[in-house]
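Listed below are the residues making up each chain.
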Amino acid sequence: MIVSIVGLGYIGLPTAAILASKRVKVVGVDVNQHAVDIINQGKIHIVEPELDILVHKAIQNNYLKAVTKPEKADVFMMAVPTPFKDNYEPDLSYIKSATKAIATVLEVGNLVILESTSPVGTTEKMMEWMREERPDLSFPRFGDDKFRADIAVTYCPERVLPGQVVRELVENVRIIGGVSTQCAERARELYKIFVEADCLITDCRTAELSKLVENSFRDVNIAFANELSLICDKLDINVWELIKLANRHPRVNILQPGPGVGGHCIAVDPWFIVNSTPDEAKLIRMARLVNDSKPIFVLNKVNQAVQAIGKDKSELSIACLGLAFKPDIDDLRESPALGIAQKIGSISFSSIFLVEPNIDHIPNGFDSDNIELIGLERAVKSADIIVLLVDHASFKSMDLSLLSGKQVIDTRGIWS
Ligand code: SAJ
């Protein structure tokens, strides 16, 4: 059996490497020639623990190769991005072009799996795109278990946590949404090669919504915590203590407030639900707005800190601790910490110190020449105002006496 994985990013590449480690022949397809070249050298172009060893072995043992154009295979798995456009409408152009590309090499008996996070109905749209390219082939009909199609089509969302992808790909329960039950059963056989947990069968529409719902559930719960942080600020109550106490109730489990929600999943996927059912998804939309407004609250706190010192900004220095979207990773995508630091960077402080232990150069979006990327201790000692934006391990274990006499804005509650 040959499995072709289209899209060799954060999901596609680990999936390719794990399948290859189970002695399945894998052909990875990516339009990015640079990524293809790096992978074929047994190296990786993304940061993910344990992945480099897996890819290295897979290439060395000849179970994985990367190419830029699809080739014939038995199974095609698509793991390409689904961003949103300016109006929060999902952008399915990557899925469309990947689908059209694989359609040219499809053969009777092939299984096509979509893994990309997608709005409800995308799997069926994908079938339409394949049908347009290949009128000679028959495709399954939604919910029709009697019809024998040439091609099986399934939606199986990825649900792994960045930073733990290699472990979670094997250990997480998998949802397998077939266009028909036969399609789902075929996909389950494939996932059972490397998934140790249950592979639960449903239809493709339910599977599509389940992925969006999981991330929206988390977004709504984080929004609740973020709203509490605003309420507590008004009432002069320590939100971290409040949450700790409330969580001692047997049926309460409040998440943690922060400077906003980042990453390319939780800050994006709820919009796919809002976009498809705008009148019904009121709470989901409001949660997005609450989480997206949290950086403004943090910037107001910076202004208050300046006022508390009673000097002009041009006489003060400020340290921004953390730029990544969550702790102990280098991923800056949709990071509220980065956005806040960039806004601070445009204010005329005398010096701005950025501390991000997981990167080695100042990212784009900082224009001023009074901005430095420096170590934690030097930044904290030198700055008048400290804004803690990410709960990186090294910040948690810092000597807290260094903070004395400083204005401290702890958006993650690690020092409270
Ligand atoms: N955050 C908080 N407070 C919390 C928890 C998280 O402010 O109590 C923030 C984080 O700082 C970060 C953001 O939320 O900015 C998202 O981080 P995360 O760790 O909750 O999630 P992601 O985006 O890394 O991964 C999520 C996961 N989804 C769920 O847990 C439901 C993962 O399983 C999905 O596979 C992934 O999205 C995805 O690819 O969709």
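Residues numbered from 1 in each chain as written. Predicted model: local features only at pLDDT ≥ 70, side-chain atom pairs only at ≥ 80, totals over all residues. Heavy atoms only, no water.

Student: Can you help me understand the overall build of the protein in this one?
Tutor: Helices and strands together make up the secondary structure of the protein, namely 14 helices and 13 strands. By the compact-globule yardstick of 22 Å for 416 residues, the protein fits well, its C-alpha radius of gyration being 24 Å. If one aligns the C-alpha atoms of the protein with their principal axes, the spans along those axes are about 75 × 50 × 40 Å. Long-range contacts, defined as pairs at least 24 residues apart, comprise 68% of the intrachain contacts of the protein with a sequence gap of at least 6. (Helix = DSSP H or I, 4+ residues; strand = E, 2+ residues; numbered from the N terminus. Rg over C-alpha atoms; globule rule 2.2 N^0.38 Å. Contact = heavy atoms within 4.5 Å.)

Student: Whenever I open this one, the sheet that holds strand β11 (residues 371–373) confuses me. Can you help?
Tutor: Across a sheet, strands are paired by hydrogen bonds formed along the backbone, either parallel or antiparallel in direction. As summarised here, the arrangement of the five strands in space is β11-β10-β9-β12-β13, forming an open sheet in which the pairing is parallel. Two strands lie at the open edges of the sheet, namely β11 and β13 (407–410), each paired on one side alone. Geometrically, the sheet is characterised by an average inter-axis angle of 15 degrees between neighbouring strands, direction not taken into account. Two strands pair when backbone bridges link them, and strand β9 (residues 317–321) and strand β12 (residues 385–388) are joined in this way by four bridges, in the parallel orientation. Following the sheet pairing, cysteine 320 is matched in β12 by valine 387. Packed onto the sheet, helix α11 (residues 282–309) meets β9, β12 and β13 and runs at close to 165 degrees relative to β13. (Pairing = 2+ DSSP bridges. Axes fitted to C-alpha atoms, helices over the stretch in contact; angles between N-to-C directions.)

Student: Please explain the sheet that holds strand β5 (residues 111–114) as it appears in this structure.
Tutor: Spatial ordering of the open sheet is given by β3-β2-β1-β4-β5-β6-β7-β8, a layout of eight strands whose pairing is mixed. Edge positions in the sheet fall to β3 (64–67) and β8 (199–203), since each of these pairs with one other strand and no more. When strand polarity is set aside, the average angle formed by the axes of neighbouring strands in this sheet is 25 degrees. As defined by bridge partners, strand β7 (residues 174–178) adjoins β8 across five bridges and the pair is classed as parallel. Counterpart to arginine 174 in the pairing with β8 is cysteine 199. Where helix α4 (residues 93–103) meets the sheet, its contacts fall on β1 (2–6), β4 (75–78) and β5, and the angle it forms with β4 comes to roughly 165 degrees.

Student: Would you take a moment to explain the packing of helix α1 (residues 12–21) against helix α3 (residues 51–60) for this structure?
Tutor: The description of two packed helices rests on the angle between their axes and on the distance between the axes. Between α1 and α3, the shortest axis-to-axis distance is 9 Å and the interhelical angle comes to 55 degrees. Classified by the interaxial angle, the pair formed by α1 and α3 is oblique. Viewed along their axes, α1 and α3 form a crossing whose handedness is left-handed. Contacts between α1 and α3 involve Leu13, Pro14, Ala17, Ile18, Ala20 and Ser21 from the first element and Leu51, Leu54, Val55 and Ala58 from the second. For the contact of α1 with α3, the per-class residue count stands at nine nonpolar, one polar and no charged. (Parallel < 35°, antiparallel > 145°, perpendicular 65-115°, else oblique. Left-handed = near helix turned anticlockwise from the far one by under 90°. Nonpolar A, V, L, I, M, F, W, Y, C, P; charged D, E, K, R; others polar.)

Student: When you look at the pairing of β9 in this model, what are you seeing that I'm missing?
Tutor: For a regular strand, side chains alternate in direction, first toward one face of the sheet and then toward the other. The element β9 is extensively covered by neighbouring structure, given that five of its five residues are classed as buried. Neither face of β9 is open: one carries Ser317, Ala319 and Leu321, the other Ile318 and Cys320, and all of them are buried. One ladder, built from five bridges, connects β9 with strand β10 (residues 351–355); its direction is parallel. Each residue of the ladder has a partner; that of alanine 319, found in β10, is phenylalanine 353. With helix α12 (residues 336–345) bridging β9 and the parallel β10, this β-α-β connection has right-handed handedness. (Buried < 20%, exposed > 50% of the residue type's maximum accessible area, 1.4 Å probe, protein only. Right-handed = clockwise from strand over helix to strand, strands pointing away.)

Student: How should helix α5 (residues 122–133) be read in this particular structure?
Tutor: Given 3.6 residues to a turn, an α-helix orients residues that are three or four positions apart in the same direction. Compared with an ideal rise of 1.5 Å per residue, which puts 12 residues at 16 Å, α5 spans 17 Å between its outermost C-alpha atoms and is within 8% of the ideal. Of all the positions in α5, only Thr122, Thr123, Glu124, Met126, Met127, Trp129 and Met130 are classed as buried. In this fold, the buried residues of α5 make contact with β4, α4, β5, β6 (152–155) and α8 (204–235). (Expected span 1.5 Å × (residues − 1).)

Student: Sorry if this is basic, but what is going on with unusual backbone geometry here?
Tutor: Generally, phi is negative for residues other than glycine and the peptide bonds are trans, each holding for most cases. Its identity is not glycine, yet aspartate 328 carries a phi of approximately 60 degrees, on the positive side. Here aspartate 328 lies in the loop between β9 and α12. A residue is classified by how much of its surface remains accessible, and aspartate 328, at 46% relative accessible area, is partly exposed. Look at glutamate 334: it is not a glycine, yet its phi comes out positive at around 55 degrees. Within the secondary structure layout, glutamate 334 lies in the loop between β9 and α12.

Student: Explain the layout of surface pockets to me, please; I cannot follow it from the model alone.
Tutor: Which parts of space are left empty comes out when a probe the size of a water molecule is rolled across the atoms. Space inside the second largest pocket adds up to approximately 490 Å³. Along its surface, the second largest pocket is lined by 22 residues, and Asp233, Trp240, Phe297, Lys301 and Asp410 are the ones closest to its centre. When residues of the lining of the second largest pocket are traced back to their parent elements, those giving at least two are α8, α9 (239–246), α11 and β13. Looking at the lining of the second largest pocket element by element, the count peaks at seven residues for α11. Each residue belonging to the lining of the second largest pocket can be placed in one class, and the counts come to 11 nonpolar, six polar and five charged. (1 Å grid on protein atoms, 1.4 Å probe; cavity = no way out; pocket = protein on both sides within 12 Å on 5 of 7 lines; lining within 4 Å. Points joined across faces, edges and corners; volume = space filled by probe spheres on them.)

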